[in-house]
Amino acid sequence: MTANVPEISGNLTLNLQQQLARVASQWTTHQGIQGSAIDGLELIRCNEPSSCGSSVYEPSLCFVIQGTKTIQLGDREITYQPLSYLASSVHLPVLGRIVDASEEHPYLAVKLKVDPQEVAELVLELGDKAPPLHPTESCPEVQCGLCMSSMDERMQSALYRLLSLLDSPGDIPILAPLARREIIYRALIGEMGSRMRKFAAADSQAHRISTVISTLKDHYAEPLRISELAEAANMSESTLYHSFKQVTRMSPLQFQKKLRLHEARRLMLTEGLEAATASYRVGYESPSHFSREYSRLFGAPPRADVTLLRGEHRTAEPV
């Protein structure tokens, strides 16, 4: 790999941020989410502040290089600034808006999709090498599925190495897996690592909740049966409800509803289904009830919302 990573010490950190912004700008030719030649890597650009939009985060690491974004997860609000990154351990419906962006200084971000199994394998490999919790950190058994940290110099350098591979596509098959592994490793040994490791540990309550979330994601159109979910997770119904709300900041029913509405939006936008057909497909029995809840989440009735999205050539909110 021939990327020129500047030496980092003290005031030279800003030079690396400029390098990251340069590469991200080079590979974002228009606004919105853009794929890349690296599997699981997406780049995001926004040239102006945005209105509040709804999306579903998947297990991933999201890095903000430039600009500012606010995320609302249930009753929790997270603002991430330049050179910070967000770890999403499970699928989570969120509201988000860009609050700092302009043509001259666009919002630039990078999303790296993370396979939970990949994290679990790296956690096992780390073993006792994983740093213990900070003495002042309060880390209960189950915590919110989203957490944020600043990028230290090593994380910035690792991200730069990964992005720089876009300039040398021949190196991607060999070097990209190494670069992404380093990024995940640095996240696991950083200040958010303890939370990420709890979701990866098969015997933890956090991991059991992540399994429940996966079940809901795969079977969102079916009636919600808390008793069956609790039995499968080997938890009492009250413990499941309480722990689920800690991770997602919403109840299982609210979570399922948002998954249904997002899937209905996708079906209407990408497959051309009518609102009533989409509502039945995702589990609603009443199209009028579906329309009311859709308008409440997305800010417009189904037909008007999809027409707007098609007109803007937009299929997802910026990360």
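Placed above this text is the structure.
So, here is what we can say about the structure in this document. (Residues numbered from 1 in each chain as written. Predicted model: local features only at pLDDT ≥ 70, side-chain atom pairs only at ≥ 80, totals over all residues. Heavy atoms only, no water.)

Digging into the overall build of the protein chain
Using the following cut-off: What counts as a helix is a DSSP run of H or I of at least four residues, what counts as a strand is a run of E of at least two, and both are numbered from the N terminus. In what follows, residue pairs with any heavy atoms lying within 4.5 Å of each other are defined as contacts. Here the Shrake-Rupley method, with its probe set to 1.4 Å, supplies the accessible areas, and only the displayed protein chains count as covering residues.
In terms of regular secondary structure, the protein chain is built from 12 helices and 10 strands. Put simply, of all contacts in the protein chain between residues at least 6 apart along the chain, 73% involve residues at least 24 apart. When the accessible surface of the protein chain is split by element, carbon and sulfur atoms take 50% of a total near 15400 Å².

What to know about the packing of helix 6 (residues 205-218) against helix 9 (residues 252-271)
Put simply, the rule is: Simply put, an axis is a line fit to the C-alpha atoms, just over the touching stretch for a helix, and the angle between two N-to-C directions goes from 0 to 180 degrees. Working rule for angles: under 35 degrees goes down as roughly parallel, over 145 as roughly antiparallel, 65 to 115 as roughly perpendicular, anything else as oblique. In this scheme the handedness of a crossing depends on how the near helix is turned from the far one: anticlockwise by less than a right angle means left-handed, clockwise means right-handed. Throughout, the ten residues Ala, Val, Leu, Ile, Met, Phe, Trp, Tyr, Cys and Pro are labelled nonpolar, Asp, Glu, Lys and Arg are labelled charged, and all others, Gly among them, are labelled polar.
For the pair helix 6 and helix 9, the least separation of the axes is 10 Å and the interaxial angle reads 40°. One way to sum up the angle between helix 6 and helix 9 is to call them oblique. You can see that helix 6 and helix 9 cross each other, and the crossing is right-handed. Here helix 6 contributes Ile-213, Leu-216 and Lys-217 to the contact with helix 9, which in turn contributes Pro-252, Phe-255 and Leu-259. Each residue belonging to the contact of helix 6 with helix 9 can be placed in one class, and the counts come to five nonpolar, no polar and one charged.

So, the nonpolar core
The criterion, for reference: Among buried residues, those of type Ala, Val, Leu, Ile, Met, Phe, Trp, Tyr and Cys that are joined through side-chain atoms within 4.5 Å constitute a nonpolar core. Only protein chains enter the area calculation, which uses a 1.4 Å probe; residues under 20% of their type maximum are buried, those over 50% are exposed, and those in between are partly exposed.
The biggest cluster of nonpolar side chains holds 51 residues, and the ones touching the most others in it are Tyr-80, Tyr-107, Leu-146 and Phe-255. Among the elements that take part in this core, helix 9 stands out by supplying seven residues, more than any other.

Things to note about the packing of aromatic side chains
Applied cut-off: Here the aromatic set is Phe, Tyr and Trp, taking the six-membered ring for Trp, and pairing holds for ring centres within 6.5 Å; pairs whose planes are under 30 degrees apart are stacked, those over 60 apart are edge-to-face, and all others are tilted. Either the NZ atom of lysine or the CZ atom of arginine qualifies as a charge over a ring when it sits within 6 Å of the ring centre and within 35 degrees of the ring normal.
Summed over all chains, the structure comprises five aromatic pairs. Taken together, a centroid distance of 5.6 Å and an interplanar angle of 55° make the contact between Phe-290 and Tyr-294 tilted. Here the residue Phe-290 and the residue Tyr-294 both occupy positions in helix 11 (residues 287-298), the gap between them amounting to four residues, near one helical turn. Over the ring of Tyr-284 we find Arg-260, and its NZ or CZ is 5.9 Å from the ring centre.

Re the pattern of salt bridges
Going by this rule: Salt bridge, as applied in this entry: a Lys or Arg side-chain nitrogen positioned within 4 Å of an Asp or Glu carboxyl oxygen.
This model, assessed by the stated rule, comprises 14 salt bridges. With a shortest N-O distance of 2.9 Å, Arg-180 and Glu-118 are connected by a salt bridge. Of this pair, Arg-180 sits in helix 4 (residues 172-189) while Glu-118 sits in helix 2 (residues 116-126), placing them 62 residues apart in sequence. Assessed through its relative accessible area of 13%, Arg-180 is described here as buried. Its salt-bridge partner being Glu-125, residue Arg-181 comes within 2.7 Å of it at the nearest N-O pair. Linking Arg-181 in helix 4 with Glu-125 in helix 2, this pair joins segments that are 56 residues apart in sequence. Judged by relative accessible area, Glu-125 falls into the exposed class, the value being 53%.

A closer look at the side chain of Gln-17
Defined as follows: In the analysis that follows, any N or O atom pair within 3.5 Å is treated as a polar contact, provided that within protein one partner can donate a hydrogen and the other can accept it, and provided that, for residues neighboring in sequence, both atoms belong to side chains.
Along the chain, Gln-17 falls in helix 1 (residues 13-26). Polar side-chain contacts of Gln-17 include one of 3.1 Å to the backbone oxygen of Ile-65. Contact partners of Gln-17, with chain neighbours within four places excluded, come to Ile-65, Pro-82, Leu-83 and Gln-156.

A look at the pairing of strand 6 (residues 76-80)
Both faces of the sheet carry side chains from a regular strand, because those side chains alternate between them. How we decide: When DSSP locates at least two bridges between a pair of strands, those strands are taken to pair.
Where strand 5 (residues 68-73) meets strand 6, five bridges bridge the pair, whose relative direction is antiparallel. Looking at the pairing, Lys-69 lines up with Tyr-80 of strand 6.

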